[in-house]
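Summary of the model geometry
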Amino acid sequence: MGAVVLIVLTIAFFIVRLAPGDPAALMLGPDATPEDAVALRERLGLDRPIFVQYATFITGAVRGDLGQSIFFNQPVTQVLKARAEPTVLLSLFSLIVALLVAVPIGIYSAYRHGSFFDQAAISTAMLAASVPSFWTGLMAQRWLATEYGWFPASGYGGPDTVFLDRIEYLILPSLVLGIVNSALILRFTRASMLDVLGEDYIRTARSKGMSEFRVVLRHALRNAGIPIITVVGLTFALLVSGAVVTERVFNIPGMGNLVVNAVLRRDYPVIQGTLIVVANLYVIINLITDLLYLVVDKRVRF
Amino acid sequence: MRSKSTFLRGSAALLLIATLSAVPAYSQKVVTVAVVGEADTFDPMVSTKDIVSQVTQHFVETLYTFDGSWNVAPLLAAEMPDISAGGTVYRIPLREGIMFHDGSMMDSGDVAASIMRWLEVASRGKGIADRVTSVEATGPLEVTITLSSPHSPLLSLLAFSNSAAVVYPEEIIGETIDEVIGTGPYRIGEHVPDLYLQLLRFDGYVSRSEPSDGHAGARKQIPDEIRFIPVADPNTRVEGLVSGQFDFADALPAESYSRIEGSDIAEPLLLQPFGWPVWAINHKAGLLTDQKVRLALQAALPIDDMLFAAFGDERFFLVDAPLFPSGWVWNNDAGVEYYNQNDPEAARALLDEAGYTGQPLRILTSRQFEFHFKMAEVARVALEDAGFTVQMDVVDWATLGQRRNDPALFDLYITHSPFLPEPALTSLWSVTARTGWGNPEKEAVLAEFTAETDLAKRRELFAELQRMNFEDVGFIKIGGFNALMGQREGLAGVPANPWPFFWNASVM
């Protein structure tokens, strides 16, 4: 894990500096002189040799110090911490929506393999996966928020908004993101269930007179669980790191919005910090996914 | 029992009366404003970005400001300065009883120290620093600025909210200012980056007594709170506005006009004219250092097609040659025959005269402002038709911001600006600007223009400068364009302005 993080740190540092663009010129505005930009670069330490900057970054990162955001003039860890809550909650709610939609439909599709319901479910899943999330977001925002007023159109509350009220702002984006991401889980659930429902032990269970409900949910689903858990883990990691478009459309101040803005502002420390957090997150989610294998299937050994 | 009930009712009535009498004359209201993004800094001296001006003008103030007709008017200064006969000594009387947000009182020491810092750190201040001999506190409520030679744009520079000469307490002044303390009608309440900036009414504020007029006059502090919400996506700003989430939304896409117009909740606010797209020409290096090639470029441009492609709707642009639009004091017709020629033959002849051999004309532009890119695309076709080899360098805004500082990397870049109150505020005129346009004749007239204090004479000189700009192609104004903003139905007190302000805003 340490090696992975070091590689990510190094790639993150150099890749963001390969892109042209000057954060100092951006911050000063259109009428600032080139000399002003040079002076600000000096003040920000961006004029130092690249390997000196790299050494400073690595030694800081080892101590948990990801540097100072150029734009916010705050420690990167503080900036990321502030963005973690909306992103994690949005990802969690979206995953719940995706699971509530995808798993029952996937199971029933597999159970009614080839039926009209199955065909309709697969086609709808294909459609949901094919439509860009920004379009779904814009439509949901326009109709469900603006026209019907069921949800706030955007944002994450103001100074007088308490935590529970903030959740209201996440419902619509969670529905959008959840439905878009349910397609993959639905297809995996259906495919895994189809494999398992054809196994001998399922036939045996049925021949013993076990109810269909019990056969499907206790025997088949449990054995189809590992691929489903794998895809759910990956989906969650993708949601945390990749809800960029949805956060943008709904103006949620999460990590996705942060990283887009950081790229546009050339806020190198924030881009690096976000990449590091996402890389670590993938490692942790993979670890949790592996541990969950043990829970659903006692035969699994590492 | 009856007496107890009467007592309770009486107490309730008294409480109600006491409460009502305690309510100030203004309404209790939060005005929520969707803006294009976060301000990079709350210190407007060090930034020339419009978003910084727009936000910070609510909590920091300058000595002077602009009224609704873009005339300079006093703000923290008690009145207009007493200018010496030679135009080099400005005695500025200050208002009494001005309180900073930290509770301290403003005096001439604060003002002198702030102006000195402005001359050292602000792009616009540094531009005139070599003309300033001294800035002195010549009385408890008087500062005197002495110049080495007359410079008539000084008051406009002191009034401008961009790279602004704002006044801070002397104690906090340094190269950087960590916690901004101003004198404005609002103070910073809470700032959660990328979520909101909360500004609260400053109870110690003493408003000017004159009627409100543009940024000048009374700042009534009508809302209790002004809340700026950074919303990067323009469509999200539109949806937030028409759903009633925002009271005001800035910089909206032209396509959303009819949607806002059809809304029961919001109404469009069109600022016409807002500004001008400009092609900034590199005079320091490259192809366009040759005047004949610049004239060929100017001759080839199909301005009306470019503007139509860029804005798509005649409500949002104006094919207009003068550097300042009709109604502005600087509007004149000198040299306008050079505008919108769309004449490939003339351009080809000029290129032949210049001995042009097909070197690429490098147009540096960005899709971050889609209208820049669209007008460049239309121009490319016309320029190629006239014989130019065109190289489109389409980059993101951050890259453009970097490349335009290196004269070796571009021949022209595309940008835009609001119409500024004073021509000298536009850096493109200056030979020391990044584009470096200079010729002896223009420098002489520009020097005379910036030294002259008589408005009629200045207008004549500006007409001369405009003619020279067309004849020498210093930079190219493509036209005028309007800005679309939107506000809640019933919101009053927010005049259409490039830097909208909300201290007089009220909702019916």
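Residues numbered from 1 in each chain as written. Chains lettered and ligands numbered in written order. Predicted model: local features only at pLDDT ≥ 70, side-chain atom pairs only at ≥ 80, totals over all residues.

With that out of the way, let us pick up the overall build of chain A. A tally of helices and strands in chain A yields 14 helices and 0 strands. Listed by position from the N terminus, the elements making up chain A come as α-α-α-α-α-α-α-α-α-α-α-α-α-α. Expressed as lengths along the three principal axes of its C-alpha atoms, the size of chain A is roughly 85 × 50 × 35 Å. Expressed as a percentage of the 302 residues in chain A, the buried residues total 42%. (Helix = DSSP H or I, 4+ residues; strand = E, 2+ residues; numbered from the N terminus. Buried ≥ 20, exposed ≤ 12 C-beta atoms within 10 Å, placed from the backbone.)

Within chain B, the secondary structure is distributed over 14 helices and 20 strands. Computed over its C-alpha atoms, the radius of gyration of chain B comes to 25 Å, within 12% of the 23 Å expected for a compact globule of 508 residues. Principal-axis analysis of the C-alpha atoms places the extent of chain B at approximately 105 × 55 × 40 Å. The proportion of buried residues among the 508 residues of chain B is 50%. (Rg over C-alpha atoms; globule rule 2.2 N^0.38 Å.)

Next up on the list: the sheet that holds strand β6 (residues 132–139) of chain B. Residues and elements named next belong to chain B. What the 4 strands build is an open sheet, ordered β4-β5-β7-β6; its pairing is antiparallel. The open sheet has two edge strands with one neighbour each: β4 (82–83) and β6. Bridge count between β6 and strand β7 (residues 142–147): 6 bridges; the pairing is antiparallel. Each residue of the ladder has a partner; that of G139, found in β7, is E142. Running over the sheet, helix α3 (residues 108–121) touches β6 and β7 and is turned about 165° from β6. (Pairing = 2+ DSSP bridges. Contact = placed C-beta atoms within 7 Å. Axes fitted to C-alpha atoms, helices over the stretch in contact; angles between N-to-C directions.)

This next bit is on the confidence of the model for chain B. Low pLDDT marks stretches whose predicted atomic positions should not be read closely. On average, residues of chain B score 92 in pLDDT, and 94% of them are at 70 or above. With a pTM of 0.87, the predicted complex shows an ipTM of 0.85. (pLDDT = per-residue confidence, 0-100.)

This part takes up the interface of chain A and chain B. If you look at the interface, chain A gives 39 residues, while chain B gives 34 residues. Contributions of two or more residues to the side of chain A that touches chain B are made by α2 (23–28), α3 (34–44), α7 (133–147), α12 (244–249) and α13 (255–265) of chain A. If you tally residues by element for the side of chain A that touches chain B, the top one is α7 of chain A, at 5 residues. Taken together, the residues that form the side of chain A that touches chain B break down as 21 nonpolar, 12 polar and 6 charged. (Nonpolar A, V, L, I, M, F, W, Y, C, P; charged D, E, K, R; others polar.)

We now examine the pairing of strand β12 (residues 266–281) of chain B. All names here are of chain B. As defined by bridge partners, β12 adjoins strand β18 (residues 480–488) across 7 bridges and the pair is classed as antiparallel. Bridge assignment links G275 to a residue of β18, and that residue is F481. As defined by bridge partners, β12 adjoins strand β17 (residues 475–477) across 3 bridges and the pair is classed as antiparallel. Its bridge partner lying in β17, A280 is registered against F475.

On to the nonpolar core, then. By size, the foremost hydrophobic cluster in this structure holds 199 residues, and its most contacted members are V33, L63 and A296 of chain B. Here the element with the most residues in this core is helix α8 (residues 163–197) of chain A; it accounts for 14 residues. With near-sequence residues (within four places) excluded, V33 of chain B lies in contact with I226, R227, F228, I229, F246, D247, F248 and F502 of chain B. Residues A12, L258, A262 and Y268 of chain A belong to the second largest nonpolar core, which totals 20 residues. (Core = buried A, V, L, I, M, F, W, Y, C linked by C-beta atoms within 7 Å.)

Residue and element names in this part refer to chain B. Going from Q272 to P273, the amide bond is cis rather than trans, its omega being -5°. Within the secondary structure, P273 sits in strand β12. Positive phi outside glycine occurs at Q221, with the angle close to 55°. As for its placement among the helices and strands, Q221 is situated in the loop between β9 (196–201) and β10 (225–230).

Turning next to the environment of S130 of chain A. All names here are of chain A. Tracing the sequence through the fold places S130 in helix α6 (residues 116–130). With 9 C-beta atoms counted inside 10 Å, the residue S130 sits in the exposed group. C-alpha separation for the pair S130 and A183, spaced 53 residues apart in sequence, amounts to 9.3 Å.

In this section: α8 of chain A. Between its first and last C-alpha, α8 of chain A extends only 44 Å over 35 residues, short of the 51 Å set by a 1.5 Å rise per residue. Of all the bends found along α8 of chain A, the most pronounced is centred on L170 of chain A and spans about 40°, while P173 of chain A, a proline, follows it within four residues. (Expected span 1.5 Å × (residues − 1). Bend = angle between axes of the 7 residues up to and from the residue.)

For the rest of this paragraph, the subject is the packing of helix α9 (residues 303–311) of chain B against helix α11 (residues 370–385) of chain B. The description of two helices packed together rests on the angle between their axes and the distance between the axes. Residue and element names in this part refer to chain B. Between α9 and α11, the least distance of the axes is 8 Å, while the angle of their chain directions is 145°. Of the two elements, α9 crosses α11, and the hand of that crossing is right-handed. Only F371, K374, M375, V378 and A379 of α11 make contact with α9, whose side of the interface consists of D305, M306, L307, A309, A310 and F311. Considered class by class, the residues forming the contact of α9 with α11 number 9 nonpolar, no polar and 2 charged. (Left-handed = near helix turned anticlockwise from the far one by under 90°.)

Moving on to the pairing of strand β1 (residues 30–35) of chain B. All names here are of chain B. Here β1 lies mainly inside the structure; 5 of its 6 residues are buried. Two elements, β1 and strand β11 (residues 248–252), share 2 bridges in a ladder whose sense is parallel. Looking across to β11, one finds that V33 is bridged to F248.

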